[in-house]
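# Examining the three-dimensional arrangement
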Amino acid sequence: MAKRVLTLRPICITIALMFCCAPTIAEAQQRAASQRTWKQPMTPWGEPDLRGIWPLNHLISTPFQRPEKFGERRFLTDEEFAAAQKSAEDRNARFQSGAIPQADAGQAARLTSLMIDPPNGRFPELTAKGKELYEQMRGSYKPGQTVFDSPEDFDSWDRCITRGLPVSMLPRNYNNGIRIMQFPGYVVIVLEMAHETRIIPTTKRPALDGSIRQYLGESRGRWEGNTLVVETTNFNGKTAMTNLGVPGSPALTPSTPSLRFTERFTRTAQDTIEYQMTVEDPEILATGKWSAAFPMTLDNDYQLFEYACHEGNTAIRNYIETSRFERARKK
């Protein structure tokens, strides 16, 4: 299964103040002065430099969709942030105790959610078509599913094929490493979870023919000033849009081949990329789209290890054998 913890590593995080701390006036003035003097680094061939390792561990404790009690408020109060810090510390102690840690360490953030649109930070309702496709979904994250009888009863992540997009760009409890590499005409994004590599051309080239469909779609990038804009289409619709692997996410949501995924990467400081994603799939989403935004924080000491997950792993077989045994006992 794709949900085993294979590695644990310490994290060293410096989080953007505007997202994660309540700066004093002096700190705010100091940061503003730093931003005025900070200069966007460039690659040797003249593109904005995004290279480095940008793990998402600092967002583990930030829910994907916003708890309803916060309404349209994006940031925690001082009192709420103190409680969130205590909760994160308790979580770390709980998951990292024992002989085998169950998750990476995480920190509290000022954000009430990763989602910024709809304004209430709640995942949109599904259309009638979306609800129909949801009923057809299978996998270990499907609430109430107890029958596992073949590989088709599992989703692409269970089977170690892929997490898919957009979910691969969202944090989870472990293996949050993201490495950005650049070459003339290309940006390459290496994802630690489920061993993905996204190769994104940044020169003008035609899109793939619409008949060519892929698990991660086909990405095309372009530079708008210092911002890398990546648009991805040509999905095959075989992966979940989100699932509970992302803390605070709906249990499971479908996607279709019509999905359009737009990302914006803007480096705003030596250690910070402001990242935003917009997901459009009108067949599935009653609002037609949703967006999330959060800071990515540089940590070049973070080590990415091979996520050795493949379809030969025994978890799928174990699920099937256990499900058959339980059903036989009931009879």
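All of these numbers come straight from a predicted model, not from anything done at the bench.

Parameters at a glance
- Residues numbered from 1 in each chain as written.
- Predicted model: local features only at pLDDT ≥ 70, side-chain atom pairs only at ≥ 80, totals over all residues.
- Heavy atoms only, no water.
- Helix = DSSP H or I, 4+ residues; strand = E, 2+ residues; numbered from the N terminus.
- Areas by Shrake-Rupley, 256 points an atom, 1.4 Å probe, with all protein chains shown as cover.
- Salt bridge = Lys/Arg side-chain N within 4 Å of Asp/Glu carboxyl O.
- Buried < 20%, exposed > 50% of the residue type's maximum accessible area, 1.4 Å probe, protein only.
- Expected span 1.5 Å × (residues − 1).
- Arc of directions from axis to C-beta.
- Contact = heavy atoms within 4.5 Å.
- Core = buried A, V, L, I, M, F, W, Y, C linked by side-chain atoms within 4.5 Å.
- Pairing = 2+ DSSP bridges.
- Axes fitted to C-alpha atoms, helices over the stretch in contact; angles between N-to-C directions.

## Focus: the overall build of the chain
Looking only at helices and strands, the chain has 5 helices and 12 strands in total. Of the roughly 15700 Å² of accessible surface on the chain, a fraction of 53% belongs to carbon and sulfur atoms.

## Focus: the pattern of salt bridges
Tallied over the full model, the rule gives 13 salt bridges. Between Arg324 and Asp149 there is a salt bridge, and its shortest N-O distance comes to 2.7 Å. Of this pair, Arg324 sits in helix H5 (residues 315-330) while Asp149 is found in the loop between helix H4 (128-136) and strand S3 (178-183), placing the two residues 175 residues apart along the sequence. Assessed through its relative accessible area of 45%, Arg324 is described here as partly exposed. The salt bridge involving Glu263 is made with Arg198; its shortest N-O contact spans 2.6 Å. A residue pair is termed long-range when its members are at least 10 positions apart, and Glu263 in strand S10 (residues 260-269) and Arg198 in strand S5 (residues 196-201) qualify at 65 residues. Each member of the pair, Glu263 together with Arg198, is buried. Through salt bridges with shared partners, a single ionic network connects Arg222, Glu224, Glu231, Arg260 and Arg264.

## With respect to H5
With 16 residues, H5 should reach 22 Å at 1.5 Å per residue; the first-to-last C-alpha distance of 23 Å fits that figure. Within H5 the residues assigned to the buried category are Ala315, Ile316, Ile320 and Ser323. The buried residues of H5 occupy one face: seen down the axis, they fall within an arc of 140°. Opposite its buried face, H5 presents the exposed residues Arg317, Ala328 and Arg329, each directed more than 90 degrees away.

## Here we look at the environment of Pro247
Along the polypeptide, Pro247 turns up in the loop between strand S8 (242-243) and strand S9 (252-253). Separated by 187 residues in sequence, Pro247 and Ile60 have C-alpha atoms that sit 6.9 Å apart. In this structure, Pro247 is in contact with Ile60, Thr62, Pro63, Phe64, Pro171, Arg172 and Asn173, ignoring residues within four places of it in sequence.

## With respect to the environment of Ala84
Tracing the sequence through the fold places Ala84 in helix H3 (residues 78-95). Given the relative accessible area of 22%, Ala84 is considered partly exposed. Taking the C-alpha atoms as reference points, Ala84 and Ser61, 23 residues apart in sequence, are found 8.0 Å from one another. In this structure, Ala84 is in contact with Leu76 and Ala108, ignoring residues within four places of it in sequence.

## A word on unusual backbone geometry
Here Asp117 and Pro118 are connected by a cis peptide whose omega angle stands at 5°. Structurally, Pro118 is set in the loop between strand S2 (115-117) and H4. Here the bond from Leu165 into Pro166 is cis, since omega is 10°, no more than 30 degrees from zero. Phi is positive for Cys160, close to 65°, though the residue is something other than glycine. Looking at the element boundaries, Cys160 is found in the loop between H4 and S3. By relative accessible area, which is 7% here, Cys160 ends up buried. Even without being a glycine, His195 presents a positive backbone phi close to 45°.

## Thoughts on H4
The complete set of buried residues in H4 reads Gly130, Leu133 and Tyr134. Projected down its long axis, H4 shows its buried positions confined to an angular sector of 105°, all on one face. With respect to the buried face of H4, the exposed residues turned more than 90 degrees away are Ala128, Glu135 and Gln136. Buried residues belonging to H4 abut S9.

## Quick notes on the nonpolar core
In this structure, Met169, Phe265 and Trp290 are the most contacted members of the largest nonpolar core, which totals 53 residues. Put simply, the parts of the chain that give this core at least two residues each are H4, S3, strand S4 (186-191), strand S7 (227-233), S10, strand S11 (272-280) and strand S12 (289-297). Judged by nonpolar contacts, the second largest core, of 5 residues, contains Phe70, Leu76, Ala88 and Ala108.

## Brief notes about the pairing of S5
Where S4 lies against S5, 6 bridges are found, and the strand directions are antiparallel. Bridge assignment links Val190 to a residue of S5, and that residue is Thr197. In this structure, the hairpin formed by S4 and S5 is closed by a connection of 4 residues, where Ala194 is found at a positive phi of approximately 65°.

## Section: the sheet that holds S12
Note: strands within a sheet are paired through backbone hydrogen bonds, in either parallel or antiparallel orientation. Taken together, the 6 strands give an open sheet; going across it, the order is S2-S12-S11-S10-S7-S6, and neighbouring strands pair in antiparallel fashion. Looking at which strands have only one partner, the edges of the open sheet turn out to be S2 and strand S6 (218-224). The mean inter-strand angle of the sheet, taken between neighbouring strand axes irrespective of direction, is 20°. Both S10 and S11 contribute to a ladder of 9 bridges, which runs antiparallel. Its bridge partner lying in S11, Phe261 is registered against Val279.

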